[in-house]
Amino acid sequence: MQRAGSPASHRPARGPKPLADCGSFASLARKAGELDALDRALRQTLPMPLREQVRFAHLRNGRLVFLASSPAWAARLRLMQAQILTTARAIGTSASSVTVKVAPPLPVATEPDRSKPLSPAAAAHLKAAAASITDPELKGLFLELASIAETAEFPTAKD
């Protein structure tokens, strides 16, 4: 139990820091550039398929933190720990351990293919629907759509 007036915990707070505690934009950009250069240098020594499946995330308290796209790639990277630490020390980074976390890549947003043509059966249904429409403008739109469906990818026999 806590006593009244005692702090809840002596651990640092987790989560985002206030902007005022982050430093200037220039120092943040410099730090990001340093981490990016370290990422390139460390991954450059890895074999090609592994290099594409992992990325360097952070250097904290002498620990190099990598993210792997799957548990299998994480295991392969862990086997390369000695090589990674040797490379890190050779470029002047004081690292004593490697941590690998599994972080699957975010799904890539794909645009649906809107250029799929309509089948001849769809064209026939559009024509049938157009025949039952009394509004001439709407009827014309249905027939126009039906004509596009017929000529798009399914050539019809018009001998």
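Attention now moves to the overall build of the protein. A tally of helices and strands in the protein yields six helices and three strands. The order of helices and strands in the protein, counted from the N terminus, is α-α-β-β-α-α-β-α-α. Counting every position in the protein, which comprises 159 residues, the buried fraction comes to 23%. A fraction of 48% describes how many contacts in the protein between residues 6 or more apart in sequence connect residues 24 or more apart. Per element, the accessible surface of the protein, about 12,000 Å² overall, is 59% carbon and sulfur.

Any segment with low pLDDT has predicted coordinates that should not be analysed in fine detail. Of the residues in the protein, 82% have a pLDDT of 70 or more, and the chain-wide mean is 83. Within the protein, helix α3 (residues 71-79) carries the highest mean pLDDT (96), whereas helix α6 (residues 136-152) carries the lowest (81). Segment residues 152-159: pLDDT under 50, and nine contacts once partners within four positions in sequence are set aside and those in other chains are kept.

As a further point, take the sheet that holds strand β2 (residues 63-68). Taken together, three strands build an open sheet; the order of strands is β1-β2-β3 and the sheet is mixed. Where the open sheet ends on each side, the last strands, each with one partner, are β1 (54-60) and β3 (97-102). Along the sheet, successive strands turn relative to each other by an average axial angle of 25 degrees, direction set aside. Examined bridge by bridge, β2 and β3 share six bridges and lie parallel to one another. Its bridge partner being in β3, L64 is matched across the sheet by V98. Where helix α1 (residues 25-44) meets the sheet, it contacts β1 and β2, and its direction lies at approximately 125 degrees from that of β1. Its contacts with the sheet put α3 on β1, β2 and β3, and the angle it makes with β3 is roughly 170 degrees.

It is worth spelling out α1 at this point. One turn of the α-helix equals 3.6 residues, which is why residues spaced by three or four share an orientation. The terminal C-alpha atoms of α1, which comprises 20 residues, lie 28 Å apart, in line with the 28 Å expected from a rise of 1.5 Å per residue. Buried within α1 we find L35, L38, D39 and L42. The buried residues of α1 all sit within an arc of 105 degrees when viewed along its axis, so they share a single face. Looking at α1, the residues exposed on the side facing more than 90 degrees away from the buried face are F25, A26 and Q44. On its buried side, α1 packs onto β1, β2 and α4 (81-90).

This brings us to the pattern of salt bridges. Within the structure shown, the criterion is met by three salt bridges. Ionic pairing is found between R40 and D36, a salt bridge with its closest N-O pair at 2.4 Å. Here R40 pairs with D36, and both are found in helix α1, just four residues apart, close to one helical turn.

Cut-offs and rules
- Residues numbered from 1 in each chain as written.
- Predicted model: local features only at pLDDT ≥ 70, side-chain atom pairs only at ≥ 80, totals over all residues.
- Heavy atoms only, no water.
- Helix = DSSP H or I, 4+ residues; strand = E, 2+ residues; numbered from the N terminus.
- Buried < 20%, exposed > 50% of the residue type's maximum accessible area, 1.4 Å probe, protein only.
- Contact = heavy atoms within 4.5 Å.
- Areas by Shrake-Rupley, 256 points an atom, 1.4 Å probe, with all protein chains shown as cover.
- pLDDT = per-residue confidence, 0-100.
- Pairing = 2+ DSSP bridges.
- Axes fitted to C-alpha atoms, helices over the stretch in contact; angles between N-to-C directions.
- Expected span 1.5 Å × (residues − 1).
- Arc of directions from axis to C-beta.
- Salt bridge = Lys/Arg side-chain N within 4 Å of Asp/Glu carboxyl O.

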